[in-house]
Amino acid sequence: MEPTKAMSILSRACPFLARTGLSGLQGLVGAGLSRGLATSAVERARCGGCPGHTGQSALLAKASQCPVVGPSIHANVAPPSPPAQPLPAACPYAKCVDGASAGPGAKQPHAPPPSPAPVDHGSRETAFDYEGSYQAKLAKKHEDKSYRYFNNINRLAGRYPQAHTANASNVVTVWCSNDYLGQSKSPVVVNAMKAALDTYGAGAGGTRNIAGNSALHLRLESELATLHRKEAALVFSSCYVANDATLSTLCSSLPNCVVFSDKMNHASMIQGISHSKARKHVFEHNDLEHLEQLLAQYPRSTPKLIAFESVYSMSGTVGRIPEICALAKKYGAITFLDEVHAVGMYGPHGAGVAEHYDYDASLRAPAGQRIPGSVVDQVDIITGTLGKAFGIVGGYIAASSSLVDMIRSYAPGFIFTTSIPPPIAAGAVASIQYLSASQRERVLQQKHMRELKADLASAGIPVVPNPSHIVPVLVGDAESARAASDMLLRDHSIYVQSINYPTVPVGEERLRITPSPSHDSHMRARLVGALDSVWNALGLKHTVDWEHLGGRCGVGESRANSELHVGWKRGVEYVWETHQLQQAHDYERARKGDVPVAPVIPADIQQIIAAAA
């Protein structure tokens, strides 16, 4: 066999031969290899490149370690030779030989791993079962009863809060919408959107950087900054995107940033923190002692951010905003407050719970003017939505001008997405301006919420205690929660969506009810009667049953214990205190009497549209 062909065969079986050239091997064994590898396995090779050198070659030393040929070498080895002379410094194989003679354990020169022979799988293997994987994931959802069914609900603007199902003749009453104040059908909003639609068309035309930045977008951001008394604001396609983009961009830009996140924070905040790859600590819900213990682990010089909410959407509990701001100041942190379920609902101008803490001062101060020392002033970053109380769609942040500009310049979630359409911006401006002036909708919603909670308590229906506008009714089981929702819709023409894991923890499944200004006393009586009927039919636990079990989610627990987690002020039942509601009610009567006045398109929006026309 030709030497080259023999080496080709051997190199595929031996890693050493695979990475050593033929000329190198020839130099190690002298003329033996040129004779077709016919040299005896025990012949001591000499280094042909080193005149006068004697001793064992590196090749033989390596071969003796081989599990295949090693035994034959050891069986036929010749008597030991005299000690080898030191290799000349110029020897090209000196390092290799020294390493071999040093024995096992000596540090060997690094050599790249052998390149694996290319494998052509082609069509010889069965492809991965993608559809089977999807179906397995869905089967798991069905097994643990967390699979989500979407009801076909079509809300009727002229009959709010009613809607029709897939059958247009089947009209139901909606009790779970996040359109808390019915602004989606408000004449001021609809008319502003129609005017902008006729003038600018349906779409934005691009990202904010490319043809998607209009006067209406700028006006909306100015309106939001004014609402929250901040230097600037930035609008996103949704508040999920706003939270994710802002947290991921901000926390990754701060060196060695540490984030402290409330256990009940929304998924968008959790995702944004995760995307930032910053170190994260989760503190128990509204637990100030736990939060301080975590903060105290780090120097004040370490960048820190505390992320929390004002109104937690599934429990209705309220974040301890002033106390958390105080801890942030003490330990050198900044605060990130999600006001998604509070904007439009609280404060004399609808700026949220932070504004409501300083109700009287906010009522007196001119719009947009900073109130030093106020709770709003202490919060560094506020996020909110245009898709709930304001009745439109979109999200935003409000903060210092430098922070907003940094997010505008670096956040992919803002840079690389189409901006909201001009009609949406026009409707949002109109809704914000209207709710900044009108208290009527907030007063009615609060009145109806209080009446419903009182009626449910009298019926023994278990309501998770909280000081906000949300009415969570505890079921405690995913399958039962869905069955209750289905029975309400099928038998009583009432739509209340069941809430299961992962939105709420397993064992805390519930129905989430949100009264609106338009839910009258007749609708409320029908709802309470229907819930009582469903609870009895399905054998669900009443408040007294949860009390016997030791309580859950605050239901069946002592007031003192539940107040540890519900937030707001100790001993005060609701965020909207009774005297504030009375004051707002009197203001509305003095302003326009008991008859609501259909608002007009805001003057600044009319000016923009008129100029374009």
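Bear in mind the structure is a predicted one, so any value in this text is a computation, not a measurement.

Asks: Just checking my understanding: could you explain the packing of aromatic side chains for this structure?
Replies: Geometrically, a pair of aromatic rings is defined through the distance of the ring centres and the angle of the planes. Throughout the structure, instances matching the rule amount to 6 aromatic pairs. Taken together, a centroid distance of 6.1 Å and an interplanar angle of 75° make the contact between Phe260 and Tyr298 edge-to-face. Taken together, the positions of Phe260 in strand S5 (residues 258-262) and Tyr298 in the loop between helix H12 (288-295) and strand S7 (304-309) put the pair 38 residues apart, joining distant regions of the chain. Overall, the relative accessible area of 13% leaves Tyr298 in the buried class. Ring geometry for Tyr357 against Trp568: centres 4.4 Å apart, planes inclined by 50°, an arrangement best described as tilted. Of this pair, Tyr357 sits in helix H14 (residues 353-357) while Trp568 sits in the loop between helix H24 (559-566) and helix H25 (578-592); the two residues are 211 residues apart in sequence, bridging distant segments of the chain. Here Trp568 falls in the buried class, since its relative accessible area comes to 2%. It is Arg482 that lies over the ring of Tyr149; its NZ or CZ is 3.7 Å from the centre. A cation over an aromatic ring shows up here: Lys541 above the ring of Trp546, its NZ or CZ 5.1 Å from the ring centre.

Asks: When you look at unusual backbone geometry in this model, what are you seeing that I'm missing?
Replies: Excluding glycine, a negative phi dihedral is what most residues carry, and trans is how most peptide bonds are arranged. Here the amide bond leading from Tyr160 into Pro161 is cis, since omega sits at 10°, within 30 degrees of zero. Position of Pro161 among the secondary structure elements: in the loop between strand S1 (154-155) and strand S2 (162-164). Between Tyr501 and Pro502 the backbone carries a cis peptide bond, its omega angle lying at 10°. Secondary-structure assignment places Pro502 in the loop between strand S13 (498-499) and strand S14 (510-513). Of note in this structure, Ala211 is not a glycine but carries a positive phi near 70°. With respect to the element layout, Ala211 can be found in the loop between helix H8 (187-200) and helix H9 (215-227). Even without being glycine, Asn256 reaches a positive phi, approximately 55°. Relative to the assigned elements, Asn256 resides in the loop between helix H10 (239-253) and S5.

Asks: Just to check I follow, could you spell out the state of the cysteines for this structure?
Replies: Each disulfide consists of one covalent bond between the sulfur atoms belonging to two cysteines. Enumeration according to the criterion identifies 0 disulfides in this entry. Here Cys251 stays unpaired: no disulfide links it, and the sulfur of Cys257, its closest cysteine neighbor, is 4.2 Å away.

Asks: Is there a simple way to explain the pattern of salt bridges in this structure?
Replies: Two side chains with opposite charge may pair up if their charged atoms get near one another. Summed over the entire model, instances satisfying the criterion amount to 15 salt bridges. A salt bridge links Arg219 to Glu223; its shortest N-O distance comes to 2.9 Å. In this pair, Arg219 and Glu223 are both assigned in helix H9, 4 residues apart and thus about one turn of the helix distant. Since its relative accessible area comes to 11%, Glu223 is described here as buried. With a closest N to O distance of 2.8 Å, Arg408 and Asp405 form a salt bridge. Residue Arg408 and its partner Asp405 are located together in helix H17 (residues 401-410), separated by 3 residues, close to a single helical turn. Connected via shared salt-bridge partners are Lys447, Glu451, Asp455 and Arg524.

Asks: Is there a simple way to explain helix H22 (residues 521-538) in this structure?
Replies: An α-helical segment advances 3.6 residues per turn. Residues three or four places apart therefore align on the same side. With 18 residues, H22 should cover 26 Å at 1.5 Å per step; its first-to-last C-alpha distance of 26 Å lies within 8% of that length. Where H22 is concerned, the buried positions are Met523, Arg524, Leu527, Val528, Ala530, Leu531, Val534 and Trp535. One side of H22 holds all its buried residues, which, seen down the axis, span an arc of 165°. Every exposed residue of H22 that faces more than 90 degrees away from the buried side is listed here: Ser521, His522, Ala525 and Ala537. Buried-residue contacts for H22 involve strand S3 (171-174), helix H20 (440-459), strand S11 (471-474), helix H21 (478-492), strand S12 (494-495) and S14. Residue Gly539 follows H22 closely and has a positive phi angle near 65°.

Asks: Help me understand the sheet that holds S2, please; the structure alone is not making it clear to me.
Replies: Sheet strands pair via backbone hydrogen bonds, and the direction of the pair is either parallel or antiparallel. The mixed open sheet is built from 4 strands, whose spatial order is S1-S2-S3-S12. On the outer flanks of this sheet lie S1 and S12, each paired with one strand and no other. With 2 bridges connecting them, S1 and S2 associate as antiparallel partners. Along S2, the bridge assignment pairs Asn154 with His164.

Asks: Help me understand helix H11 (residues 267-276) in this model?
Replies: Residues of H11 that are buried include every one of Ser268, Met269, Gly272, Ile273 and Ser276, and no others. Viewed end-on, H11 has its buried residues packed into an arc of 135°, placing them on one side of the element. Where H11 is buried, its residues contact H10, S5, strand S6 (279-283), S7 and strand S8 (333-338). Where H11 terminates, the next one or two residues include Lys277, which has phi positive at roughly 65°.

Asks: Any chance you could explain the side chain of Lys388 here in plain terms?
Replies: Counting through the fold element by element, Lys388 comes out in the loop between strand S9 (381-385) and strand S10 (395-399). Notably, Lys388 is buried but unbridged: the nearest opposite-charge side chain belongs to Asp338, and the N-O separation is 8.0 Å. If we skip the residues at most four places from it in the chain, Lys388 touches Asn178, Asp179, Tyr180, Val340 and His341.

Asks: What is the right way to look at the packing of H21 against H22 in this model?
Replies: For any two helices packed against each other, one specifies the crossing angle of their axes together with the interaxial distance. One way to put it is that H21 packs onto H22 with a least axis distance of 10 Å and a crossing angle of 130°. Comparing the axis directions of H21 and H22 gives the class oblique. With respect to the hand of their crossing, H21 and H22 are arranged in right-handed fashion. Listed contacts from H22 to Ser480, Ala483, Ala484, Met487, Leu488 and His492 of H21 are Arg526, Ala530, Leu531, Ser533, Val534, Ala537 and Leu538. Class assignment of the residues belonging to the contact of H21 with H22 gives a composition of 9 nonpolar, 3 polar and 1 charged.

Criteria and cut-off values
Residues numbered from 1 in each chain as written. Predicted model: local features only at pLDDT ≥ 70, side-chain atom pairs only at ≥ 80, totals over all residues. Heavy atoms only, no water. Phe/Tyr/Trp six-rings, centres within 6.5 Å; stacked < 30°, edge-to-face > 60°. Helix = DSSP H or I, 4+ residues; strand = E, 2+ residues; numbered from the N terminus. Buried < 20%, exposed > 50% of the residue type's maximum accessible area, 1.4 Å probe, protein only. Lys NZ or Arg CZ within 6 Å of the ring centre and 35° of its normal. Disulfide = S-S within 2.5 Å. Salt bridge = Lys/Arg side-chain N within 4 Å of Asp/Glu carboxyl O. Expected span 1.5 Å × (residues − 1). Arc of directions from axis to C-beta. Contact = heavy atoms within 4.5 Å. Pairing = 2+ DSSP bridges. Lys, Arg positive; Asp, Glu negative; His and termini not counted. Axes fitted to C-alpha atoms, helices over the stretch in contact; angles between N-to-C directions. Parallel < 35°, antiparallel > 145°, perpendicular 65-115°, else oblique. Left-handed = near helix turned anticlockwise from the far one by under 90°. Nonpolar A, V, L, I, M, F, W, Y, C, P; charged D, E, K, R; others polar.

Such coordinate-based values are descriptive only and should not be taken to indicate function.
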